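# Secondary and tertiary structure notes
So the chains spell out like this:
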Amino acid sequence: MVRAEYDDGRIIKDETYLCNLRISLEDMNIGSALTVGVCEAFVHTAYLDISEVPAKYEYMKNELLEFFDKDTVDNEEIKFFRQFADKY
């Protein structure tokens, strides 16, 4: 089995919100990875340079939490997830 450099990461921070939203920061051999997940709906990983991590972590977390504070329908959630993935 061939393993990529980013397969050997170490979890630095792992937070769960609202019982179904999770954001994890992983230190990789080639930088850092921020992974967000929404239970049974969405998973996205952004690969970043270490200098980008503090700001991007907070931006991503706050944007997701702000969205989940709103009452939405399925179509709005899909649109949000697509825009979020394109942005990050």
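In this report, the structure presented in the accompanying data block is examined. Not measured: the values here are computed from a predicted model. (Residues numbered from 1 in each chain as written. Predicted model: local features only at pLDDT ≥ 70, side-chain atom pairs only at ≥ 80, totals over all residues. Heavy atoms only, no water.)

Relative to the helices and strands, His 44 resides in strand S4 (residues 42-48). In this structure His 44 comes out as buried when scored by relative accessible area, which is 14%. A polar atom in the side chain of His 44 sits 3.2 Å from the backbone oxygen of Tyr 88. When near neighbours in sequence (up to four residues on either side) are disregarded, His 44 contacts Leu 34, Thr 35, Val 36, Met 60, Phe 84, Ala 85 and Tyr 88. (Helix = DSSP H or I, 4+ residues; strand = E, 2+ residues; numbered from the N terminus. Buried < 20%, exposed > 50% of the residue type's maximum accessible area, 1.4 Å probe, protein only. Polar contact = N/O pair within 3.5 Å; in protein donor to acceptor, adjacent residues only side chain to side chain. Contact = heavy atoms within 4.5 Å.)

Among the nonpolar cores identified, the biggest contains 19 residues, and Val 36, Met 60 and Phe 84 are the most heavily contacted of them. Ranked by the residues each element gives to this core, the list is headed by helix H1 (residues 53-68), at five residues. With near-sequence residues (within four places) excluded, Phe 84 lies in contact with Val 36, Phe 42, His 44, Met 60, Glu 63 and Leu 64. (Core = buried A, V, L, I, M, F, W, Y, C linked by side-chain atoms within 4.5 Å.)

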